[in-house]
There are 2 protein chains.
Amino acid sequence: MISTFSHEYRVKHNETDFWGRLTAPAFGDCMLDIAGLHAMEIGSGIDILQRQGLTWVISGMKLRFIDMPKLHGRFRMETHVSAFSRITTQRDFVAYDGDRKIAEASSEWLIINMETRRPVFVDEILPQLEEVCIPDGALPKYKHLRAFDGEVSIEMERKITYSDLDVNRHLYSMRYLQIALDTFDLDFFAKHRFTDIDLNFISEVLCGEVVTVIRRTNGDVHNIEMLRDGKAVFRSEFVTAEA
Amino acid sequence: MISTFSHEYRVKHNETDFWGRLTAPAFGDCMLDIAGLHAMEIGSGIDILQRQGLTWVISGMKLRFIDMPKLHGRFRMETHVSAFSRITTQRDFVAYDGDRKIAEASSEWLIINMETRRPVFVDEILPQLEEVCIPDGALPKYKHLRAFDGEVSIEMERKITYSDLDVNRHLYSMRYLQIALDTFDLDFFAKHRFTDIDLNFISEVLCGEVVTVIRRTNGDVHNIEMLRDGKAVFRSEFVTAEA
């Protein structure tokens with residue numbers, strides 16, 4: 001079995017923002033894609049799990065961006081499983097332009113029962129993780145973010161619709177990130193770039209539900225949370241630098 | 001110069017809906033991607049135009065879906081320029097799974113001056129279109145849709161945000177389509193598939209603007225328009241069949 005899986009990506013028009021650079025959600029799409037390709041290779045793909053009434057869900061991500069590729073640019077992504085416990089699995093990602101590292105990220109996953117929506121024991125379902133896991137040099141895990149306080153910079157409402165859903169019929173993980181980014185205005189994107197992002201996926205959100213998105217900005221640190229009926233379903237922290 | 005350009009695509013997780021099939025907007029992303037790749041090849045790419053203060057904008061599309069590929073499925077797309085006049089260029093697309101045609105589409109484009117936002121003469125800017133154009137067997141053009149009447153099935157508001165924009169800093173063409181599709185509920189998608197789509201892109205929409213999206217459904221025909229300050233910026237017609 002292949003422990004480290006590698007794949008090349010090319011940046012498409014719809015994956016860049018108006019600056020012509022790969023966006024953070026589109027980078028995340030590639031992470032989830034390569035995770036799926038590697039999982040198929042090691043017999044832990046979502047299709048195999050779904051046949052047993054199970055599915056993968058993501059609980060958190062930490063992303064560090066060094067230099068985002070431009071439209072039509074190519075980059076190589078590498079991924080491996082770097083840790084697992086009874087309930088969680090960590091998968092790390094590094095992206096390269098030639099020999100130059102341009103981004104890295106870690107992600108934490110659970111396997112849940114599709115009926116009960118409760119986690120199951122990963123090591124019972126996927127004993128092969130022992131064989132493929134490379135524990136040395138695991139990337140740091142995402143920050144567990146607690147309820148934010150401080151002055152609210154912006155608050156907006158967003159209804160979840162069909163195009164926001166993934167194959168699990170809930171809000172797609174990278175759509176949480178996209179909705180969070182939509183609290184910034186164009187002028188902000190013109191002057192800043194993101195260096196570090198921590199994402200906490202707390203609850204599933206379903207089609208038709210309305211969430212409140214609240215951003216608190218304090219210098220270069222931006223905390224964005226998403227609430228449903230006053231309860232947090234998603235928390236995130238973004239660190240920015242001048243573009 | 002290559003008259004017919006071909007490229008293979010693989011369906012990623014984020015390009016499918018909850019049924020695990022490639023979505024119409026994601027198919028459109030591939031059309032715009034291959035159009036860009038072919039344009040680069042024949043010296044009519046958006047980067048070359050932008051250096052002259054010009055850019056491509058799309059005025060309409062007609063799509064016909066036979067069988068959408070599934071997650072991780074591969075398909076081949078072919079494109080060529082099929083017609084051009086002083087102001088407009090038509091580009092056609094056919095997608096194949098092996099030898100089997102799975103979708104086809106036509107699109108109409110203008111070149112505009114980025115300052116004045118007015119069209120310029122295509123044949124003066126790109127004389128090479130004469131050489132690459134394959135006029136035989138051009139696909140039918142999109143329907144010009146007029147103001148709709150009849151009972152309104154659903155009406156919703158949508159604010160345009162950062163993630164809706166493309167490199168031209170206006171609402172990305174496939175986001176018009178995605179916003180139109182978001183007027184349907186999950187149950188509808190469970191029971192229907194789209195066979196024919198006509199899209200009329202009437203006006204640019206900018207970040208921060210709010211549009212009203214109105215759908216009128218009459219049997220298997222669905223007319224969806226997008227209004228800003230009461231004036232149409234986009235009209236579309238969708239024909240559906242049982243899934």
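First, a word on scope: everything that follows refers to the structure included in this document. Keep in mind that what you see is a predicted model, and the values were worked out from it rather than measured. (Residues numbered from 1 in each chain as written. Chains lettered and ligands numbered in written order. Predicted model: local features only at pLDDT ≥ 70, side-chain atom pairs only at ≥ 80, totals over all residues. Heavy atoms only, no water.)

### A few points about the overall build of chain A
Piece 1. A tally of regular secondary structure across chain A gives six helices and 10 strands.
Piece 2. For chain A, whose C-alpha radius of gyration is 18 Å, the value lies close to the compact-globule estimate of 18 Å for 243 residues.
Piece 3. Considering only C-alpha atoms, chain A reaches an extent of 50 × 45 × 30 Å along its principal axes.
Piece 4. Sequence-distant contacts in chain A: of pairs separated by 6 or more residues, those separated by 24 or more amount to 72%. (Helix = DSSP H or I, 4+ residues; strand = E, 2+ residues; numbered from the N terminus. Rg over C-alpha atoms; globule rule 2.2 N^0.38 Å. Contact = heavy atoms within 4.5 Å.)

### Here's the deal with the sheet that holds strand 2 (residues 54–65) of chain B
All names here are of chain B.
Piece 1. In space, the 10 strands of this open sheet follow the order 1-3-4-5-2-7-10-9-8-6, with antiparallel pairing throughout. This sheet does not close on itself; its edge strands, each paired only once, are strand 1 (5–10) and strand 6 (154–159). The mean angle between the axes of side-by-side strands here comes to 25 degrees, regardless of whether they run parallel or antiparallel.
Piece 2. One ladder, built from eight bridges, connects strand 9 (residues 221–228) with strand 10 (residues 231–242); its direction is antiparallel. Each bridged residue has a counterpart across the sheet, and for Arg-228 the counterpart in strand 10 is Lys-231.
Piece 3. Relative to strand 10, helix 5 (residues 173–181) is tilted by about 60 degrees, and along the sheet it contacts strand 2, strand 6, strand 7 (192–201), strand 8 (210–218), strand 9 and strand 10. (Pairing = 2+ DSSP bridges. Axes fitted to C-alpha atoms, helices over the stretch in contact; angles between N-to-C directions.)

### Observations regarding helix 1 (residues 24–41) of chain A
Residue and element names in this part refer to chain A.
Piece 1. When the terminal C-alpha atoms of helix 1 are compared, their 26 Å separation across 18 residues agrees well with the 26 Å that a helix rising 1.5 Å per residue should span.
Piece 2. Counting buried positions over the 18 residues of helix 1 gives 15, a clear majority of the element.
Piece 3. Between a side-chain oxygen at the N-terminus of helix 1 and the backbone nitrogen of Ala-26 the separation is 3.1 Å; the capping residue is Thr-23.
Piece 4. Downstream of helix 1 by a residue or two, Gly-43 has a phi angle that is positive, lying close to 70 degrees. (Expected span 1.5 Å × (residues − 1). Buried < 20%, exposed > 50% of the residue type's maximum accessible area, 1.4 Å probe, protein only. Polar contact = N/O pair within 3.5 Å; in protein donor to acceptor, adjacent residues only side chain to side chain.)

### Focus: the pairing of strand 8 of chain B
Residues and elements named next belong to chain B.
Piece 1. Here six bridges tie strand 6 to strand 8, and the two strands are oriented antiparallel to one another. Its bridge partner being in strand 8, Lys-159 is matched across the sheet by Val-210.
Piece 2. Linking strand 8 to strand 9, which pair antiparallel, is a turn of two residues; within it Gly-219 sits at a positive phi near 65 degrees.

### Topic: the sheet that holds strand 2 (residues 54–65) of chain A
Residues and elements named next belong to chain A.
Piece 1. The sheet built from 10 strands is open, its strands ordered 1-3-4-5-2-7-10-9-8-6 with antiparallel pairing. Strand pairing shows two members of the sheet lacking a second neighbour, strand 1 (5–10) and strand 6 (154–159), which therefore form its edges. If you compare each strand with its neighbour and ignore which way they point, the axes differ by 25 degrees on average.
Piece 2. Here 10 bridges tie strand 4 (residues 88–97) to strand 5 (residues 100–113), and the two strands are oriented antiparallel to one another. Within the sheet, the bridge partner assigned to Asp-97 lies in strand 5 and is Arg-100.
Piece 3. With respect to the sheet, helix 1 is in contact with strand 1, strand 2, strand 3 (74–84), strand 4, strand 5 and strand 7 (192–201), its orientation differing from that of strand 1 by roughly 140 degrees.

### Description of the interface of chain B and chain A
Piece 1. Taken together, the contact pairs 35 residues of chain B with 35 residues of chain A.
Piece 2. Notably, a salt bridge pairs Lys12(A) with Glu15(B), separated by 3.4 Å at the nearest N-O pair.
Piece 3. At the junction of chain B and chain A, the tally comes to 19 residue pairs in polar contact (both at pLDDT 80 or more).
Piece 4. Contributing elements (two or more residues each) for the side of chain B that touches chain A: strand 1, helix 1 (24–41), helix 5 and helix 6 (186–191) of chain B. (Salt bridge = Lys/Arg side-chain N within 4 Å of Asp/Glu carboxyl O.)

### Concerning the side chain of Arg10(A)
Piece 1. Mapped onto the elements, Arg10(A) comes out in strand 1.
Piece 2. A polar contact of 3.3 Å, which involves the side chain of Arg10(A), links it to the side chain of His7(B).
Piece 3. When near neighbours in sequence (up to four residues on either side) are disregarded, Arg10(A) contacts Glu15(A), His72(A), Gly73(A), Arg74(A), His7(B), Tyr9(B), Asp33(B) and Leu37(B).

### Some points on the packing of helix 1 of chain A against helix 5 (residues 173–181) of chain A
Residue and element names in this part refer to chain A.
Piece 1. Where helix 1 contacts helix 5, the two axes come as close as 9 Å, and the packing angle between them is 170 degrees. Judged by the inter-axis angle, helix 1 sits roughly antiparallel to helix 5. Judged by residue contacts, Ala-24, Pro-25, Gly-28, Asp-29 and Leu-32 of helix 1 engage Ser-173, Met-174, Leu-177, Gln-178 and Leu-181 from helix 5.
Piece 2. For the contact of helix 1 with helix 5, the residue count by class is six nonpolar, three polar and one charged. (Parallel < 35°, antiparallel > 145°, perpendicular 65-115°, else oblique. Nonpolar A, V, L, I, M, F, W, Y, C, P; charged D, E, K, R; others polar.)

### A closer look at the packing of aromatic side chains
Residues and elements named next belong to chain B.
Piece 1. What the rule picks out here adds up to 34 aromatic pairs over all chains.
Piece 2. With 6.2 Å between their ring centres and 80 degrees between their planes, Trp-56 and Trp-109 make a pair best called edge-to-face. With a gap of 53 residues between them, Trp-56 in strand 2 and Trp-109 in strand 5 (residues 100–113) connect regions that are remote in the sequence. Like Trp-56, the residue Trp-109 is buried in the burial classification.
Piece 3. Centroid distance Phe-184 to Phe-188: 4.4 Å. Interplanar angle 20 degrees. Geometry classified as stacked.
Piece 4. On the accessibility criterion, Phe-184 (4% relative accessible area) is buried.
Piece 5. For Phe-188, a relative accessible area of 15% gives the class buried. (Phe/Tyr/Trp six-rings, centres within 6.5 Å; stacked < 30°, edge-to-face > 60°.)

### As for the pattern of salt bridges
Residues and elements named next belong to chain A.
Piece 1. One pass over the full model with this rule turns up 44 salt bridges over all chains.
Piece 2. The closest approach of N and O atoms between Asp-198 and Lys-62, which form a salt bridge, is 3.1 Å. Taken as a pair, Asp-198 in strand 7 and Lys-62 in strand 2 lie far apart in primary sequence, 136 residues in all.
Piece 3. On the accessibility criterion, Asp-198 (3% relative accessible area) is buried.

### Considerations on the side chain of Asp33(B)
Piece 1. For Asp33(B), the position within the fold is in helix 1.
Piece 2. On the basis of relative accessibility, which here comes to 1%, the residue Asp33(B) falls in the buried class.
Piece 3. For Asp33(B), the residues in contact, after removing those within four places along its chain, are Arg10(A), Lys12(A), His13(A), His72(A) and Tyr9(B).

### Section: the relation of the copies chain B and chain A
Piece 1. Each copy superposes on the other: chain B lies on chain A with an RMSD of 0.0 Å after a rotation of 180 degrees and an axial shift of 0.0 Å. Such values leave the two copies arranged in the relation of a two-fold axis. Judged by C-alpha distance, Arg158(B) is the residue of chain B that lies nearest the rotation axis, at 4.6 Å.
Piece 2. Looking at chain B, 100% of its interface residues are interface residues in chain A too, so the copies touch through the same face. (Least-squares fit on C-alpha atoms with pLDDT ≥ 70 in both.)

### Quick notes on unusual backbone geometry
Piece 1. Look at Arg169(A): it is not a glycine, yet its phi comes out positive at around 60 degrees.
Piece 2. Along the chain, the position of Arg169(A) falls in the loop between strand 6 and helix 5.

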